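Spelled out, the chains give:
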Amino acid sequence: MTQSKTPFIVVLSLALTMMLGPFSMDTYLPAFPVIGESLDISQQAVSLSVSVYIFAMALGQLIGGALSDRFGRQRVLMSGLAIFALSSIAIGMADSLNTLLGGRAVQAIGAGLTLVSVPALVRDRVSGRDAAKLFSMMGFIMVLAPGIAPSVGSAILSLGSWHYIFFALAAYAVLLVPLLVRVLFSGKRKVSRAKSPQMSLLARYKLVLSTKPALPFIAWQAASFSTLMMFITYASFIYQGHFEQSPSSFSLLFAANIVAMLIFNILNRILLSRLPSFRILQLATGCQALGIVLLVMAAFMEWPMYAFLVAMMLTIGTVGAISPNIQACFLEYFPTSGGTAAALLGAAQFGIAGILSALSAVLPHTLEAVVLAMAACGSVAYWLLARSIIKERAAVKAR
């Protein structure tokens, strides 16, 4: 099946499923101060729930990826939604930091089982540039989630307690079940994936890790994604703490970064008709490196908030073009092990981002420290960009 024959309802269903991730991370961001007061803890302690979530999601993806190759996408995806919904209800009744963190860990495992199935479902349908286009189309819809999630959270807060945010997340997961069963797992739209060899879970991961040309994409994705996650972890501090903005203003400032991601996503879709996916990845990573340089200058030279915002929009917005092209380039190597490959890619990005986000808690709680942490995260991606360009030039000279 080619990307052009992929029905829009399939693209929409896959995107709505992927939106579970950003919704579960961003909807409760405006509630950080309220959660801190409710549980009698600091905002920095509440921020730890983001790190726990990211790290546990990596574990969920590692478990779910190989299982989906072995037992099928539907079983793993539906199990993940069930775990996510039940744990969200548990968080909604939390009255202590330990309950919040424990619930977020279980919730993240459910999300990991769910989200890792989506790239594998894409790989079951298309490959190469068509896969990049499908990932980009999904991203065009999915990118709305981080933009509206804080506003949704603020709206729920205005109606009642922060606990209701997690009850709403549980409802979202439950509503996905009948949609996915009808659209993806029944009738003509159900796609038979390439036959997967019978092997143990460890053997599947060994097979993926032995494919050396694909491995740089794992580090590339982890570095770029860690930059994004560092921003999400400290977005409330940056805009509500450092720049002293209200929760409603914070939602708009946060959404500005999502608008930038949307713009880069649209540019990516246009360029995919003219350039290879890998070339677009290089260009987008170069733009992110420029954004980081401007961000460091803005922080240390004390630029006005809106000048800082422009630099942040460039840095974060490029993820809208970087991520779909990395997924397409990486999964191209694994026609029969898409679930395992997607799990390794997802686990690496979430696991490394979670560890770095947690380690950042020991840094000074200042804008300069946050920006330098983002720059450090992205440096690996920029090194891989330079390395790829050097290799290309060496190949041209050798001809």
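What counts and what doesn't
Residues numbered from 1 in each chain as written. Predicted model: local features only at pLDDT ≥ 70, side-chain atom pairs only at ≥ 80, totals over all residues. Heavy atoms only, no water. Helix = DSSP H or I, 4+ residues; strand = E, 2+ residues; numbered from the N terminus. Rg over C-alpha atoms; globule rule 2.2 N^0.38 Å. Buried < 20%, exposed > 50% of the residue type's maximum accessible area, 1.4 Å probe, protein only. Contact = heavy atoms within 4.5 Å. Areas by Shrake-Rupley, 256 points an atom, 1.4 Å probe, with all protein chains shown as cover. Lys, Arg positive; Asp, Glu negative; His and termini not counted. Charge placed at Lys NZ, Arg CZ, Asp CG, Glu CD. Core = buried A, V, L, I, M, F, W, Y, C linked by side-chain atoms within 4.5 Å. Domains from an automatic or database assignment. Buried area = accessible area lost by both parts, 1.4 Å probe. Salt bridge = Lys/Arg side-chain N within 4 Å of Asp/Glu carboxyl O. Polar contact = N/O pair within 3.5 Å; in protein donor to acceptor, adjacent residues only side chain to side chain. Nonpolar A, V, L, I, M, F, W, Y, C, P; charged D, E, K, R; others polar. Phe/Tyr/Trp six-rings, centres within 6.5 Å; stacked < 30°, edge-to-face > 60°.

1. As for the overall build of the chain
Looking only at helices and strands, the chain features 18 helices and 0 strands. Relative to its length of 399 residues, the chain is compact, with a C-alpha radius of gyration of 20 Å against a globular reference of 21 Å. Seen through its principal axes, the chain has C-alpha atoms that stretch 55 × 50 × 35 Å. For the chain, the proportion of its 399 residues judged to be buried stands at 56%. Restricting the contact set of the chain to residue pairs at least 6 apart, pairs at least 24 apart contribute 85%. Summed over its atoms, the accessible surface of the chain is roughly 16200 Å², and 69% of this surface lies on carbon and sulfur atoms. With 26 positive and 12 negative side-chain charges, the chain shows a spacing of 23 Å between the two charge centroids.

2. Topic: the nonpolar core
In terms of nonpolar packing, the biggest core is built from 126 residues, with M138, F231, I238, Y239, F308 and F330 touching the most fellow members. Per element, the largest residue contribution to this core is 15 residues, and it comes from helix α12 (residues 215–242). Those residues in contact with F330 that lie beyond four places of it in its chain are V208, A214, F217, I218, A341 and L345.

3. Notes on unusual backbone geometry
For D40, which is not glycine, the phi torsion reads 60° and is therefore positive. For D40, the position within the fold is in the loop between α3 (32–39) and α4 (43–71). Judged by relative accessible area, D40 falls into the exposed class, the value being 71%. One non-glycine residue, E302, adopts positive backbone phi at about 55°. Note that E302 resides in the loop between α14 (277–300) and α15 (305–317).

4. Overview of the domain arrangement of the chain
When the domains of the chain are assigned, the result is domain 1 (7–183) and domain 2 (211–398). Spacing between the C-alpha centres of domain 1 and domain 2 amounts to 20 Å. Taken residue by residue, the interface counts 42 residues in domain 1 and 47 residues in domain 2. Summing both partners gives a buried area of about 3700 Å² for domain 1 against domain 2, and 66% of it is carried by carbon and sulfur. At the junction of domain 1 and domain 2, the tally comes to 0 salt bridges. Inspection of the region where domain 1 meets domain 2 yields 1 residue pair in polar contact (both at pLDDT 80 or more). For the side of domain 1 that touches domain 2, the secondary structure elements donating two or more residues are α2 (20–26), α4, α7 (117–125), α8 (128–142) and α9 (144–159). Of the residues forming the side of domain 1 that touches domain 2, the biggest block, 15 residues, is contributed by α4. In terms of residue class, the side of domain 1 that touches domain 2 is made up of 22 nonpolar, 14 polar and 6 charged.

5. As for the pattern of salt bridges
Tallied over the full model, the rule gives 1 salt bridge. Salt-bridge contacts for R279 lead to E392; the nearest nitrogen and oxygen are separated by 3.2 Å. Here R279, found in helix α14, pairs with E392, found in helix α18 (residues 367–398); they are 113 residues apart in sequence, far enough to count as distant. By relative accessible area, which is 34% here, R279 ends up partly exposed.

6. Quick word on the environment of I218
Examined against the element boundaries, I218 turns out to sit in helix α12. Considering only alpha carbons, one finds I218 and G346, 128 residues apart in sequence, at a separation of 8.5 Å. With residues near it in sequence (within four places) discarded, I218 still touches F330, L344, L345 and A348.

7. Points about the packing of aromatic side chains
Tallying each qualifying case throughout the model produces 16 aromatic pairs. An aromatic cluster of at least three residues, connected via ring pairs, comprises F231, Y239, F243, F250, F254 and F308.

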